[in-house]
Amino acid sequence: MDPRSLYVELLGAALSEREQSDGAASAGEALAELVRCRRQVVKREGPQADRGWATTALAEQVAYDTALARFARCVGVDCDPLRFGWPHDERKRTEWVLVSRGIPLD
């Protein structure tokens, strides 16, 4: 199995589960979740020494991409989990679209 398709499946499942459990989030709620998840991902970047860091990093990235997709959808940006075959590329594209619309992510 292509690891990219596994990430797409993880992201799609997380997004679907989140939307089913929370329903439609307001843009403000979705932005708060996005900022919280972004802080976790940014904090973890860099050399890792602790055991299990890869699993934690993956979970945090899926959580961040889920929050990113939910917020993007709230503000009318097309964000399909299937585009996350190369997560970094789609993450940066979606962040760029949001920032270009005047939505600061930092």
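So, a few notes on the structure that sits alongside this text. (Residues numbered from 1 in each chain as written. Predicted model: local features only at pLDDT ≥ 70, side-chain atom pairs only at ≥ 80, totals over all residues. Heavy atoms only, no water.)

## Some words on the overall build of the chain
Argument step 1. Helix and strand counts for the chain come out as 4 helices and 0 strands.
Argument step 2. Mapped in sequence order, the helices and strands of the chain form the string α-α-α-α.
Argument step 3. Every one of the 106 residues in the chain was classed for burial, and the buried ones make up 35%.
Argument step 4. Carbon and sulfur atoms provide 57% of the accessible area of the chain, an area that totals close to 6500 Å². (Helix = DSSP H or I, 4+ residues; strand = E, 2+ residues; numbered from the N terminus. Buried < 20%, exposed > 50% of the residue type's maximum accessible area, 1.4 Å probe, protein only. Areas by Shrake-Rupley, 256 points an atom, 1.4 Å probe, with all protein chains shown as cover.)

## Points about the pattern of salt bridges
Argument step 1. Scanning all chains against the criterion turns up 8 salt bridges.
Argument step 2. For Arg18, the salt bridge is made with Glu33, and the minimal N-O distance between the two is 3.8 Å. With Arg18 in helix α1 (residues 3-22) and Glu33 in helix α2 (residues 27-44), this pair connects stretches of sequence that are 15 residues apart.
Argument step 3. Assessed through its relative accessible area of 29%, Arg18 is described here as partly exposed.
Argument step 4. Close ionic contact of Glu95 with Arg38 constitutes a salt bridge, the shortest N to O distance being 2.8 Å. Here Glu95, found in helix α4 (residues 87-100), pairs with Arg38, found in helix α2; they are 57 residues apart in sequence, far enough to count as distant.
Argument step 5. Judged by its relative accessible area of 15%, Arg38 is buried.
Argument step 6. Three or more residues are tied together by salt bridges with common partners; here these are Arg18, Glu33 and Arg36. (Salt bridge = Lys/Arg side-chain N within 4 Å of Asp/Glu carboxyl O.)

## Comments concerning the side chain of Arg38
Argument step 1. A polar contact is formed between the side chain of Arg38 and the side chain of Glu95, at a distance of 2.8 Å.
Argument step 2. A distance of 3.2 Å separates the side chain of Arg38 from the backbone oxygen of Leu105, its partner in a polar contact.
Argument step 3. Leave out the neighbours within four places in its chain, and Arg38 touches Tyr64, Glu95, Leu105 and Asp106. (Polar contact = N/O pair within 3.5 Å; in protein donor to acceptor, adjacent residues only side chain to side chain. Contact = heavy atoms within 4.5 Å.)

## Section: the environment of Glu60
Argument step 1. Within the secondary structure, Glu60 is located in helix α3 (residues 53-74).
Argument step 2. Separated by 21 residues in the primary sequence, Glu60 and Arg39 place their C-alpha atoms 9.8 Å from one another.

## What to know about α4
Argument step 1. Compared with the 20 Å implied by 1.5 Å per residue over 14 residues, the 20 Å span of α4 between its first and last C-alpha is a close match.
Argument step 2. Within α4, the full set of buried residues consists of Pro87, Glu90, Arg91, Thr94, Glu95, Val97 and Leu98. Buried residues along α4 cover an arc of 160° about the axis, so they all sit on one side. Facing away from the buried side of α4, by more than 90 degrees, are the exposed residues Asp89 and Trp96. (Expected span 1.5 Å × (residues − 1). Arc of directions from axis to C-beta.)

## Some thoughts on α3
Argument step 1. With 22 residues, α3 should cover 32 Å at 1.5 Å per step; its first-to-last C-alpha distance of 31 Å lies within 8% of that length.
Argument step 2. Those residues of α3 that sit buried are Ala57, Glu60, Val62, Tyr64, Asp65, Thr66, Ala67, Leu68, Ala69, Arg70, Phe71 and Ala72.
Argument step 3. Gly76 sits one or two residues past α3 and shows a positive phi near 85°.

Function-wise, these values are silent; they only describe arrangement.
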